[in-house]
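Each chain, letter by letter, is given below.
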Amino acid sequence: RKEVEQDPGPFNVPEGATVAFNCTYSNSASQSFFWYRQDCRKEPKLLMSVYSSGNEDGRFTAQLNRASQYISLLIRDSKLSDSATYLCVVNIHEGYSTLTFGKGTMLLVSP
Amino acid sequence: DGGITQSPKYLFRKEGQNVTLSCEQNLNHDAMYWYRQDPGQGLRLIYYSQIVNDFQKGDIAEGYSVSREKKESFPLTVTSAQKNPTAFYLCASSNGGGGYNEQFFGPGTRLTVL
């Protein structure tokens with residue numbers, strides 16, 4: 001299994017749609033999980049942390065399934081401004097002193 | 001305003017030249033990181049530092065060097081030994097020295113080697 005794996009997409013959805021991204025990770029002992037957003041030719045920015053119990057921030061919901069070692073991000077009522085690449089981030093390596101970034105899933109929201 | 005600054009935004013160099021990328025943060029963060037991103041690829045860790053005067057190699061350290069003489073500064077030198085230096089370079093910092101906290105990124109430097 002790759003360390004942090006995401007479907008590269010792109011996901012093409014109309015405005016108002018609900019879209020879900022999944023991410024799998026290789027280390028069952030990992031403890032920190034994040035979703036970042038990266039706009040074209042810009043730096044990544046934190047979208048939300050992912051907690052064991054799941055968490056929601058407005059239209060965005062993150063879930064963690066430790067048994068299956070995957071994380072999900074659900075975006076409801078997609079906006080044009082949601083178009084970006086979404087990066088799954090996990091502390092994979094032993095020692096947990098660094099974060100490992102997935103390659104990202106591209107989302108394109110159309111009018 | 002607290003944040004991370006990287007300079008320059010765009011950098012062009014001739015093959016065989018060393019070049020140093022600047023990264024400064026005023027967030028009072030202990031840990032700092034350098035990543036490289038190639039088109040369509042994820043971020044790959046070059047070097048990281050959890051405390052002043054100490055740093056560790058990441059996954060792709062060959063051809064790069066760093067220093068951490070001050071808490072707020074973590075410059076990256078791309079040496080002539082780096083085979084494919086053209087890339088987008090991102091600096092990040094985090095509160096605390098481990099991989100448990102979110103990382104904040106600077107705006108990046110696009111390096112093109114001609």
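What counts as what
Residues numbered from 1 in each chain as written. Chains lettered and ligands numbered in written order. Predicted model: local features only at pLDDT ≥ 70, side-chain atom pairs only at ≥ 80, totals over all residues. Heavy atoms only, no water. Salt bridge = Lys/Arg side-chain N within 4 Å of Asp/Glu carboxyl O. Helix = DSSP H or I, 4+ residues; strand = E, 2+ residues; numbered from the N terminus. Buried < 20%, exposed > 50% of the residue type's maximum accessible area, 1.4 Å probe, protein only. Pairing = 2+ DSSP bridges. Axes fitted to C-alpha atoms, helices over the stretch in contact; angles between N-to-C directions. Disulfide = S-S within 2.5 Å.

## Remarks on the pattern of salt bridges
All names here are of chain A.
Here's step 1: Summed over the entire model, instances satisfying the criterion amount to 7 salt bridges over all chains.
Here's step 2: Its salt-bridge partner being Arg76, residue Glu56 comes within 3.5 Å of it at the nearest N-O pair. Within this pair, whereas Glu56 is found in strand β6 (residues 55-57), its partner Arg76 is found in the loop between β8 (70-75) and β9 (84-90), the two being separated by 20 residues in sequence.
Here's step 3: Looking at Glu56, the relative accessible area reads 57%, which means it is exposed.
Here's step 4: Its relative accessible area of 26% is what places Arg76 among the partly exposed residues.

## Re the sheet that holds strand β7 (residues 60-65) of chain A
All names here are of chain A.
Here's step 1: Ordered by their spatial adjacency, 5 strands build an open sheet running β1-β3-β8-β7-β6, and the pairing between neighbours is antiparallel. Strands at the two margins of the open sheet, each flanked by one partner only, are β1 (4-6) and β6. When strand polarity is set aside, the average angle formed by the axes of neighbouring strands in this sheet is 20°.
Here's step 2: Pairing between β7 and β8: 6 bridges, direction antiparallel. Across the sheet, the residue bridging to Phe60 is Ile75, located in β8.

## A closer look at the state of the cysteines
Here's step 1: Within this structure, the stated rule accounts for 2 disulfides over all chains.
Here's step 2: There is a disulfide in this structure between A:Cys23 and A:Cys88, and the S-S distance comes to 2.0 Å. Where A:Cys23 bonds to A:Cys88 through sulfur, the torsion about that S-S bond is close to -75°, and the disulfide is left-handed. Of the two residues, A:Cys23 is situated in strand β3 (residues 19-25) and A:Cys88 in strand β9; the sequence distance between them amounts to 65 residues. Across this residue pair, the class does not change: A:Cys23 and A:Cys88 are buried.
Here's step 3: For B:Cys23, the disulfide goes to B:Cys91, at an S-S distance of 1.8 Å. Taking the sign of the S-S torsion, about -75° here, the bridge from B:Cys23 to B:Cys91 comes out left-handed. Of this pair, B:Cys23 sits in strand β3 (residues 19-25) while B:Cys91 sits in strand β9 (residues 87-94), and the two are 68 residues apart along the sequence. The residues B:Cys23 and B:Cys91 share a single accessibility class, namely buried.

## Details of the sheet that holds strand β1 (residues 4-7) of chain B
Residues and elements named next belong to chain B.
Here's step 1: A sheet is described by the order of its strands in space; here 4 strands give the open sequence β1-β3-β8-β7, paired in antiparallel fashion. The open sheet has two free edges, formed respectively by β1 and β7 (64-66), since each of these has just one partner strand. Going from strand to strand, the sheet's axes swing by 20° on average, the running direction of each strand aside.
Here's step 2: Across 4 bridges, the pairing between β1 and β3 is antiparallel. By the bridge assignment, Thr5 is partnered in β3 with Glu24.

Read these as spatial facts, not as claims about activity.
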